[in-house]
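# A structural walkthrough
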Amino acid sequence: MQLIMARRSRPPGFDMTYRPQESVFGPPLLAKVPSFLYLGAAVGIWLVVLAGEQSASGTWLFHYVVEEDVARVMSIRTFATIIAVSSLSSVVRAGMRGVRIYPDGVEARDVLSFIWPKLRRYRWPQIEQIILDGSLIAFDLWDGTRAYLPEVSDRGALAHALEHVALARAIPVRGGTLGEEEFDDEDAPEAAD
């Protein structure tokens, strides 16, 4: 009876015992800029509201903020509070993007259509090949699909961490520093006794 394996493996059981340290790679600064601008605008609105309430009663700012507040459907303080909470949640949501490598696999976090978060988890046995060509990092999965990871602030460190896991777990890598070379048993990290 002949066993057919999807990829060449290390000595029995070794590639399944390697569990990398958990590491998190956050989103690039460019992805955070819109939420920081929104937060700046919210702070500006609050400063205008506070300045208007502290202004002298004859000024146009006091008139706009305090005196016209009676005729509004929503008070200006309520509006400023809603904008502030919304901008803070935008900053938090932008910071939640990224990639997390954990002992059992990879977690990709992204935000779809500016509102809905998307969390995808890939376990190490699902990954047939890691692709590090160009600026994107992708996985060829066991079911024949390709999954792209979101952009991160330190792509080089993420690629380096994935290459180390690939070497230890006998996952082929295309691109990167390992290139297309085959993994030799002497390149494998030593198994703990």
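Residues numbered from 1 in each chain as written. Predicted model: local features only at pLDDT ≥ 70, side-chain atom pairs only at ≥ 80, totals over all residues. Heavy atoms only, no water.

## Things to note about helix α4 (residues 76-95)
The condition that has to hold: In DSSP terms, a helix is any run of H or I states spanning at least four residues, a strand is any run of E spanning at least two, and both are numbered starting from the N terminus. The length a helix should cover is 1.5 Å for every residue beyond the first. Partly exposed residues are those whose accessible area sits between 20% and 50% of the maximum for their type, while under 20% is buried and over 50% is exposed, using a 1.4 Å probe and protein chains only. In this description, one arc is meant: the one made by directions from the helix axis to the C-beta atoms. Between two residues, a contact is recorded if the distance between any of their heavy atoms is within 4.5 Å.
Look at α4: 29 Å from first C-alpha to last across 20 residues, which is about the 28 Å you get at 1.5 Å a residue. Looking at α4, one finds that the buried residues are Ile76, Ala80, Ile83, Ala84, Ser87, Ser90 and Ala94. Projected onto a plane normal to the axis of α4, the buried residues spread over an arc of 125° and lie on a single side. Opposite the buried face of α4, by more than 90 degrees, sit the exposed residues Val85 and Val92. Packing partners of the buried residues in α4 comprise α2 (29-54) and α3 (60-65).

## A short note on the packing of α2 against α4
Threshold: For helices, the fitted axis covers only the stretch in contact; all axes are lines through C-alpha atoms, and the angles between them, taken along N-to-C directions, range from 0 to 180 degrees. Each angle is binned into one of four classes, with values under 35 degrees roughly parallel, values over 145 roughly antiparallel, values of 65 to 115 roughly perpendicular, and all other values oblique. Crossings are assigned a handedness: left-handed for a near helix turned anticlockwise from the far helix by less than a right angle, right-handed for a clockwise turn. Classification used: nonpolar for Ala, Val, Leu, Ile, Met, Phe, Trp, Tyr, Cys and Pro, charged for Asp, Glu, Lys and Arg, polar for all others including Gly.
Running from N to C, α2 and α4 point in directions that differ by 160°, and their axes come no closer than 8 Å. By the angle between their directions, the pair α2 and α4 is classed as roughly antiparallel. Here α2 and α4 pass one another in a crossing that is left-handed. Partitioning the contact of α2 with α4 into residue classes produces 17 nonpolar, 5 polar and 3 charged.

## Considering the pairing of strand β2 (residues 98-102)
Keep this limit in mind: When DSSP finds at least two bridges between two strands, those strands are taken to pair.
For β2, the buried fraction is high: 5 of the 5 residues fall into the buried class. Neither face of β2 is left uncovered, since the one carrying Gly98, Arg100 and Tyr102 and the one carrying Val99 and Ile101 both have all their residues buried. Bridge analysis of strand β1 (residues 23-25) against β2 gives 3 bridges, and the strand direction is antiparallel. Of the residues in β2, the one forming a bridge with Phe25 is Val99. Of the strand pairs in this sheet, β2 and strand β3 (residues 105-112) are connected by 5 bridges, and their pairing is antiparallel. Across the sheet, residue Val99 finds its bridge partner in β3, namely Ala108. Connecting β2 to the next strand, β3, in antiparallel fashion are 2 residues.

## A short note on unusual backbone geometry
Of note, the phi angle at Ala170 is positive, near 60°, even though the residue is not glycine. Turning to its location among the elements, Ala170 is positioned in the loop between α5 (155-169) and β8 (173-174). Taking the relative accessible area as the measure of exposure, Ala170 reaches 5% and is therefore buried.

## Overview of the pattern of salt bridges
Condition: Here a salt bridge means any side-chain nitrogen of Lys or Arg lying within 4 Å of a carboxyl oxygen belonging to Asp or Glu.
Enumeration according to the criterion identifies 10 salt bridges in this entry. For Arg123, the salt bridge identified is with Asp104, shortest N-O distance 3.9 Å. Of this pair, Arg123 sits in strand β4 (residues 116-123) while Asp104 sits in the loop between β2 and β3, and the two are 19 residues apart along the sequence. Taking relative accessible area as the criterion, Arg123 reaches 45% and is therefore assigned partly exposed. Residue classification places Asp104 among the partly exposed residues on the basis of a relative accessible area of 26%.

## Things to note about the side chain of Arg100
Put simply, the test is: In the analysis that follows, any N or O atom pair within 3.5 Å is treated as a polar contact, provided that within protein one partner can donate a hydrogen and the other can accept it, and provided that, for residues neighboring in sequence, both atoms belong to side chains.
As for its placement among the helices and strands, Arg100 is situated in strand β2. Taking the relative accessible area as the measure of exposure, Arg100 reaches 17% and is therefore buried. A polar side-chain atom of Arg100 sits 3.0 Å from a polar atom in the side chain of Glu22. Those residues in contact with Arg100, other than ones at most four positions away along the chain, are Glu22, Ser23, Val24, Gly105, Val106, Glu107 and Arg109.

## What about the confidence of the model for the protein?
For clarity, the cut-off: Per-residue confidence from the predictor is reported as pLDDT, a score between 0 and 100.
Within the protein, residue pLDDT values average 81, and 80% of them lie at 70 or more. Throughout residues 9-15 the model reports pLDDT below 50, and contacts reaching past four residues in sequence, or to other chains, amount to 19 contacts. Contacts for the low-pLDDT stretch residues 179-193, under 50 throughout, to residues beyond four places or in other chains number 26 contacts.

## Side note on the sheet that holds β3
Either a parallel or an antiparallel arrangement is found when strands of a sheet pair, and the pairing is made through backbone hydrogen bonds. Spatially, 4 strands are ordered β1-β2-β3-β4 in an open sheet, and the strand pairing comes out antiparallel. If you trace the sheet from one side to the other, it starts and ends with β1 and β4, each paired once. Neighbour to neighbour, the strand axes of the sheet diverge by 15° on average, direction disregarded.

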